[in-house]
Structures are given as C-alpha cells and as structure tokens.
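Analysis of the macromolecular model
Read off the chains here:
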Amino acid sequence: MSDHYPSGFGPHDWSHGAPHNSWAPLILSAGFCVFLFSFAKLFVFGDIAATDDITSALAGVVLGLVIISTGLYVWWQQDMSFDGTYEPKARGAPFQNIDIRKVAMWIFLMSEMMIFSSLFSTYIRYRTALPNCLNLYNELNAAGNLVSSQTYTCYEPASQLIAASWWHLAPGAINTFALILSSFTVVQALRYAKMADLDEEVRRKKVYRYLGCTMMLAMLFLSLKMIEWFIGFNIFGHEIPSLVSEGYSIHASAYQPHWAHGGHFTTNIRISATMFYVTTGTHGVHVLAGVIGLAYLTLKAFRGGFTPENAVTIEYFGLYWHFVDLVWVLVFPFFYLF
Amino acid sequence: MSHTILGKDAYWMNMWGLMALTAIEVGAVGLDLSRSTTLWILVSIGIPKFLMIAGIFMHLTGEQDSRVLTLTALFPSAFILVMVIFIGLTHPDATTALPDIFRPGYWGL
C-alpha cells in the first residue's frame, strides 16, 4: 500500500480502496446543527428577534457557517484528488454490482421525497379544510352577510396573485423552463465526461461549460425567486410588485385581496402564505445547495478533473439535480397556477 | 443512456417535451376554465412530466439497474400515500371538517 497521501485530511490511496475515515460528514452535520438552531432563534414569527436575543443567535449562525465551510473544505480537498479508479460496488441483494454511491444517492433522495411529501400533505390538508377566500367572499356577498369590520380566516392561494397576469407569472414560468433546461445541460456534461474517444481538452471544455451553464441557470432561478418574493420588477411600463409588498406574507392577519375591489374584505391568510413560503423556500434551499455543489464541480471540471472513469460523480449530482426539477414539477402547478 | 425518441436524442426530445407540456400548463391557466377543469389539466400534465424526468433524465428506464432502482424509488410511496390521504386524521377538526372524499360512504364503503 502506498504511503503517499495527496490530502492531509485522511488516507487517500484510491488504488487500494476508498477511504472510510473522512471527518467531513461529521463536521458538516455539526455545522448544520449549530447553524439551524441559531438561525431559528433569530426570528420570532417572521420578524427579527429583539436586539438582546439576537447577539448569541447571530454568533451561532456565524459559527455554524464557519463549521459548514470547514466541512465542505475538507470534503472537497479529499474529493479533488479522486482519480476515479475505484468505485465500490454493492455485494448483497438487491443491489448487487450497483455502485454503492448510486444506491446511497437514491436512498438519500427518497428521504428527501418524504420531506416534500410532508409539506404537500400539509398543503392538501389546509387547502381542503379552510374555505377558499374567493369562494367565501362570493358566498357572503351573495347572502348579504359580509361584515366589513370582521376578519375572515380562509385559504388564499398565492396563485390568486401570481396567476393574475402573465407578468406576475413570468418569474415562476421562466424558472420552470430554466430548471428543465438545466436538467438537460447537466446530462450533457455527463455525456461528454463519459466520452472516452474525445480529445482531453475538448472534453474538459465541454464538461465545464455545460456544468457552468447549469450553475448559471440555477442562479437565475434563485434571483427570480428573490425578485418575485421581495423586490418586484418594472418591465415595458408594467409595474409588478413583489409578493411581500402586496401584503402576501406569513404574518398577514389583515390581508386585503386584490380581487375584492374596495377593500371591504379583510382576511387572515397566515396559513396559506406560510405554506407557500415554506414549501417554495425549502425547494429554493435545495437549489442553493445545488449551486454550491455545481460551483465545486465546475471548478473541478475546469481543472480537467473529470474523466470517463470518474464521470459518475456528475451522474450522482445529476440525480440530485433532476430530483430538484422533479419537485418543482409538482410545486409549480399547485402553488403558482392553481 | 444512448436511446432515441423518434430517431432523435432522448435527452433532447425529453427536454423539448417537458418545455411543451409546461407551456400547455401555463396556457391552460390563462384560459377562463373552471377550477376543477384547471386542476384536472394540471394533474394530467404533471404526471407525464414527473415520469419523463424520472424515466429519462434519472435513468429509471433503459438501464441495467433501472428496475431495482425504480423499486427503491417506489419504496416510500406507501408511506407517502398514507401521509397524503390520512393527514386529515391528525387534524383537531378531523371528525367534523374532513372533506367528503375522506368520509365513510363516499366510495361506497
């Protein structure tokens, strides 16, 4: 066994087997634990907590981010030296002769599916349990029972705002096309990385350009999400306010729907807005994680780090990325269109 | 995966198919249809889109390990089904506010 270890973070004798003693997963887990607990303490129902309370929480957030960055650095230091000559295979049924990393990725994706399923089931429950605001308004109006001083708790889907016009819908629709396109660019990167008969330099360029395109599309997705939520935009004289500036926020207890002309219908839409922001936000966090992964993969590809032997790394990242696209295929119609 | 669809590259055709279905989805919302019709259209388009991404982009068809990985992917579906259908039972108003489809008798049972 060779005594030469290219990384100072653990044995890396890839010719004789994959190392099993990486600290990276433990460091990352600890970092996420510190970060998430501290981050949650920063807010009280959507607002920044009082000044006295946020100092320690802020310190925790920074500490968490530092630990996460350290974990990523250790992980990437180790992976950067991976030449792909060793890919362990599963031995037992039912996954015999399938790459262990591939099986692990699928099991991870299924656990992710459970997260989104819980969000979807909560959405379905509230959507069916609470009266739809527009239906409630029409019923009360028709019966002459509408009390302008009363606040009605009802479900106001974000689609009432978003699908109100093509301009409102544009960021969400563009994001859908961007994710589909990014799924294509990532499989193209994989295809070229696997081509054994391709000139090394041509392969390097193709792979890093396709991965770079994927990252750009992911960043476009996040930018449009921010514009849609917080910033708004003005195009061809059409002023499109952000969802938050329209009053669609998680503490909207006195929301005036735009379709109730005259503003005599006051609603409490905290549940529907929270469902929208939590579900689309959770998806957005997954896109952000994808951007971080893509930044590393693009850098590795730029350095010529991918060969037909280790192209499976792109395939496994691609599985994650297609999963993010898959979830969006469900989120977009049910949160943006219906 | 080096399959073709209608003589063209499968990934390429899949991407354009997904784009077209998304365009129909967005267009359907622009039409003045009833909410239930819109819902049916969205679900009818969402299912093939889901299958196209899983089957072609995620290689759940056409590869040696596709079958076992598809079964792996389907494994949590039982839990998901229970969660989606019966989540109402966890709600405090479950006994009085459950939609009709979750009530005894609706399905003839």
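Residues numbered from 1 in each chain as written. Chains lettered and ligands numbered in written order. Predicted model: local features only at pLDDT ≥ 70, side-chain atom pairs only at ≥ 80, totals over all residues.

**Re the overall build of chain A**
Let me state the cut-off plainly: The secondary structure listing takes helices from DSSP runs of H or I that are at least 4 residues long and strands from runs of E that are at least 2 residues long, numbered from the N terminus. We call two residues in contact whenever the C-beta atoms placed from their backbones are within 7 Å.
Helix and strand counts for chain A stand at 9 helices and 6 strands. For the C-alpha atoms alone, the extent of chain A along its principal axes is close to 85 × 45 × 45 Å. Contacts spanning at least 24 positions in sequence make up 69% of the contacts within chain A whose residues lie at least 6 apart.

**Looking at the confidence of the model for chain B**
When pLDDT is low, close inspection of the predicted coordinates is not appropriate. Residue and element names in this part refer to chain B. Basically, it comes down to this: You can read pLDDT as the predictor saying how much it trusts each residue, on a scale of 0 to 100.
Summarising the model, chain B shows a mean pLDDT of 83, and 85% of its residues fall at 70 or more. Considering each helix and strand of chain B separately, the mean pLDDT is smallest for helix 5 (residues 94–97), with a value of 64, and largest for helix 1 (residues 10–30), with 92. ipTM for the predicted complex: 0.83, alongside a pTM of 0.87.

**Concerning unusual backbone geometry**
Short version of the rule: For every residue, the other C-beta atoms within 10 Å of its own C-beta are counted; 20 or more classify it as buried, 12 or fewer as exposed, and values in between as partly exposed. C-beta atoms are placed from the backbone.
A cis amide bond links Ala93(A) with the next residue in sequence, Pro94(A), at an omega value of 5 degrees. Residue placement: Pro94(A) occurs in the loop between helix 2 (51–80) and helix 3 (100–129). Even without a glycine there, the phi angle at Leu6(B) is positive, about 55 degrees. Its location among the elements puts Leu6(B) in the loop between strand 1 (4–5) and strand 2 (8–9). In this structure Leu6(B) comes out as exposed when scored by C-beta crowding, with 6 C-beta atoms within 10 Å. Non-glycine residue His59(B) carries a positive phi angle of around 60 degrees. Along the chain, the position of His59(B) falls in the loop between helix 2 (35–57) and helix 3 (66–74). Residue classification places His59(B) among the buried residues on the basis of 21 C-beta atoms within 10 Å.

**Some points on the domain arrangement of chain A**
Just so we agree on the cut-off: Each domain's extent was defined by an automatic or database domain assignment.
Assigned domains within chain A: domain 1 (1–86) and domain 2 (99–337). Each of domain 1 of chain A and domain 2 of chain A has a C-alpha centre, and these two points are 26 Å apart.

**A short note on the environment of Ile101(B)**
Residues and elements named next belong to chain B. With respect to the helices and strands, Ile101 occurs in the segment after helix 5. The exposed category is assigned to Ile101, around which 10 C-beta atoms lie within 10 Å. In sequence terms Ile101 and Ile85 are 16 residues apart; their C-alpha atoms lie 9.8 Å from each other.

**Observations concerning the nonpolar core**
Residues and elements named next belong to chain A. In plain terms, the rule: A set of buried Ala, Val, Leu, Ile, Met, Phe, Trp, Tyr and Cys residues, joined to one another through C-beta atoms within 7 Å, is what we call a nonpolar core.
Counting residues in each nonpolar core, the largest one holds 73 residues, and the members touching the most others are Ala189, Ala193, Val207, Leu211 and Ile314. At 14 residues, helix 9 (residues 312–337) tops the list of elements feeding residues into this core. Setting aside residues no more than four positions away along its own chain, Leu211 makes contact with Ala189, Leu294, Leu297, Thr298 and Ala301.

**Some details on the packing of helix 3 of chain A against helix 9 of chain A**
Residue and element names in this part refer to chain A. This is how it is decided: With axes taken as lines fitted to C-alpha atoms, and helix axes fitted only over the stretch in contact, angles between N-to-C directions fall between 0 and 180 degrees. In what follows, roughly perpendicular refers to angles from 65 to 115 degrees, roughly parallel to angles under 35, roughly antiparallel to angles over 145, and oblique to any angle outside these ranges. Crossing chirality is assigned from the near helix's rotation relative to the far helix, an anticlockwise turn below a right angle marking it left-handed and a clockwise turn marking it right-handed. Throughout this entry, Asp, Glu, Lys and Arg are counted as charged residues, while Ala, Val, Leu, Ile, Met, Phe, Trp, Tyr, Cys and Pro are counted as nonpolar. The remaining residues, Gly among them, count as polar.
Across the interface, helix 3 lies against helix 9 with an axial gap of 10 Å and an inter-helix angle of 20 degrees. Relative to helix 9, the element helix 3 lies roughly parallel. Read as a crossing pair, helix 3 and helix 9 show a hand that is right-handed. Residues Arg101, Lys102, Met105, Leu109, Glu112 and Phe116 of helix 3 lie in contact with helix 9, whose contacting residues are Tyr316, Leu319, Tyr320, Phe323 and Val327. Of the residues contributing to the contact of helix 3 with helix 9, the split by class is 8 nonpolar, no polar and 3 charged.

**Quick look at the interface of chain B and chain A**
With 35 residues of chain B at the contact, the number on the chain A side is 36 residues. Among the elements of the structure, helix 1, helix 2, helix 3 and helix 4 (77–86) of chain B are those that each provide at least two residues to the side of chain B that touches chain A. No other element matches the 9 residues that helix 2 of chain B contributes to the side of chain B that touches chain A. Grouping the amino acids of the side of chain B that touches chain A by side-chain chemistry returns 25 nonpolar, 6 polar and 4 charged.

**Structural notes on helix 9 of chain A**
Basically, it comes down to this: Each residue after the first adds 1.5 Å to the expected span of a helix.
Taking 1.5 Å per residue as the helical rise, helix 9 of chain A with its 26 residues ought to reach 38 Å, and the 36 Å between its terminal C-alpha atoms agrees with that figure. Counting buried residues in helix 9 of chain A gives 20 out of 26 residues, a clear majority hidden from the surface.

**Comments concerning the confidence of the model for chain A**
Residue and element names in this part refer to chain A. Of all residues in chain A, 91% have pLDDT values of 70 or greater, and the mean over the chain is 87. Averaged over each element, pLDDT in chain A is lowest for strand 2 (residues 47–48) (73) and highest for helix 7 (residues 200–231) (96). Taken together, the stretch residues 1–5 has pLDDT below 50 and engages in 6 contacts with residues farther than four places along the chain or on a different chain. Within the model, the stretch residues 7–11 combines pLDDT values under 50 with 15 contacts to residues more than four positions away or in other chains.

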